[in-house]
Amino acid sequence: CGMNIVKGILDLTEEQKSFIDYILSVDFHWFYQESVYGNMQIAHCLMFRNEYNLPIPGKINSEDYNMSESIFKSFCNQNNIKVNNILRAAINCTFHSSENSVGIHRDHEFDHNVFLMYLNESSGDTIIYQNGDEIRIPFEQYKCVVFSGEEHTHEFCAPNQRRVVMAFTFN
């Protein structure tokens, strides 16, 4: 991998903005998850990872997958990022915690890239550990970031906030 970190604010269509408003509404379906990284969250799995943990596409799990994929691909096209396979996709929502951040982790055990899009106004920066450096990506609504699958973590948001992120992994 070794991809440079690409970040920017995506210029969304009205349809994409409406979709994000829907995600942030009371009508969106969330499911409780206990994260392996030691935090509790609610999430909406768009595509499960491959059941054998291989670098190939998993199974689509949501009627909201196609619209989410269009947002992901818009950012990749705008930044000339090549996508061979989408490996996993989810929309994650975390809340304030007494811990500072989730555990440092990689999303897959094989080479991959990560796309994150911050969907709401909140706090809770992402920290990427690349070549011995700590790279902080401030949380800002509609900001997107793509990085190769290095170890990373994210800070929890402030009290009375929620941190809503669209995440895709791909190769």
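Quantities reported herein were computed from a predicted structural model and do not represent experimental measurements.

(A) The arrangement of the pattern of salt bridges in detail. Applying the stated criterion across every chain, the model contains four salt bridges. As a salt-bridge pair, E69 and K73 come within 3.4 Å of each other at their nearest N and O atoms. Of this pair, E69 and K73 both sit in helix α2 (residues 65–78), separated by four residues, roughly a single helical turn. For E69, a relative accessible area of 19% corresponds to the buried category.

(B) Inspection of the side chain of E150 at higher detail. The topology assignment puts E150 in the loop between β8 (143–148) and β9 (152–154). This buried residue, E150, is left without a salt bridge; R106 holds the nearest opposite charge, at 7.5 Å. One polar contact links E150 to Q130, side chain to side chain, over a distance of 2.8 Å.

(C) Broad picture of the packing of helix α1 (residues 14–23) against α2. Orientation of α1 relative to α2, taken along the N-to-C sense of each, is 125°, at an axis distance of 10 Å. If you check the angle between α1 and α2, you find them oblique. At the point where α1 passes α2, the crossing takes the left-handed sense. For the pair formed by α1 and α2, the contact residues are E15, Q16, F19 and I20 on the first element and M67, S68, S70, I71 and S74 on the second. In terms of residue class, the contact of α1 with α2 is built from four nonpolar, four polar and one charged.

(D) The state of the cysteines, seen in detail. A complete count under the given rule lists zero disulfides for this structure. Considering cysteine sulfurs only, C144 is the nearest to C76, which forms no disulfide, with 8.8 Å between them. A residue is classified by how much of its surface remains accessible, and C76, at 1% relative accessible area, is buried. Of all cysteine sulfurs in the structure, the one in C93 sits closest to C157, which takes part in no disulfide; the separation is 7.7 Å. With relative accessibility at 2%, the residue C157 sits in the buried group.

(E) Just the sheet that holds strand β10 (residues 162–170), in detail. The antiparallel open sheet is built from seven strands, whose spatial order is β1-β8-β5-β10-β4-β3-β2. Every other strand in the sheet has two partners, leaving β1 (6–9) and β2 (31–34) as the edge strands with one partner each. The sheet shows a mean angle of 25° between the axes of neighbouring strands, direction not considered. Two strands pair when backbone bridges link them, and β2 and strand β3 (residues 40–47) are joined in this way by four bridges, in the antiparallel orientation. Paired with Q33 across the bridge in β3 is Q41. Set on the sheet, α2 makes contact with β1, β3, β4 (86–95), β5 (113–118), β8 and β10; between it and β10 the angle comes to about 70°.

Conventions used here
- Residues numbered from 1 in each chain as written.
- Predicted model: local features only at pLDDT ≥ 70, side-chain atom pairs only at ≥ 80, totals over all residues.
- Heavy atoms only, no water.
- Salt bridge = Lys/Arg side-chain N within 4 Å of Asp/Glu carboxyl O.
- Helix = DSSP H or I, 4+ residues; strand = E, 2+ residues; numbered from the N terminus.
- Buried < 20%, exposed > 50% of the residue type's maximum accessible area, 1.4 Å probe, protein only.
- Lys, Arg positive; Asp, Glu negative; His and termini not counted.
- Polar contact = N/O pair within 3.5 Å; in protein donor to acceptor, adjacent residues only side chain to side chain.
- Axes fitted to C-alpha atoms, helices over the stretch in contact; angles between N-to-C directions.
- Parallel < 35°, antiparallel > 145°, perpendicular 65-115°, else oblique.
- Left-handed = near helix turned anticlockwise from the far one by under 90°.
- Contact = heavy atoms within 4.5 Å.
- Nonpolar A, V, L, I, M, F, W, Y, C, P; charged D, E, K, R; others polar.
- Disulfide = S-S within 2.5 Å.
- Pairing = 2+ DSSP bridges.

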